[in-house]
Amino acid sequence: MHSFLQLLQDGEEQRNFQPDWGQGDYYEMVFYTGEAIAYKYSLQYDGITHFWHPWETEILSDEIADFLEGI
């Protein structure tokens, strides 16, 4: 889990990123922190690039694919 979270934290902000929506995958991540509410984010793959939207769009390393295989 720590490695997965580190990959998310290492994402690089890309404000002008335009995904290629020819083919892709969509994931929802829910983080429970022990607080009264949980945090939900989307992680997407457009067939070329993995990215997520914590605030602005961030491009993720291809290493994230190892965690997503088999989901």
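Values in this document were obtained by computation on a predicted structure and should not be read as measured data.

1. A few points about the pairing of strand β3 (residues 39-45)
And then number 1: Here 7 bridges tie strand β2 (residues 25-31) to β3, and the two strands are oriented antiparallel to one another. Opposite D25, over in β3, you have Y45 as the bridge partner.
And then number 2: Relative to strand β4 (residues 50-52), β3 runs antiparallel, the two being bridged by 3 bridges. Residue pairing in the sheet places Q44 in a bridge with F51 of β4.
And then number 3: What sits between β3 and β4 in their antiparallel hairpin is a turn of 4 residues, with G47 showing a positive phi close to 100°.

The rules we used
Residues numbered from 1 in each chain as written. Predicted model: local features only at pLDDT ≥ 70, side-chain atom pairs only at ≥ 80, totals over all residues. Heavy atoms only, no water. Pairing = 2+ DSSP bridges. Helix = DSSP H or I, 4+ residues; strand = E, 2+ residues; numbered from the N terminus.

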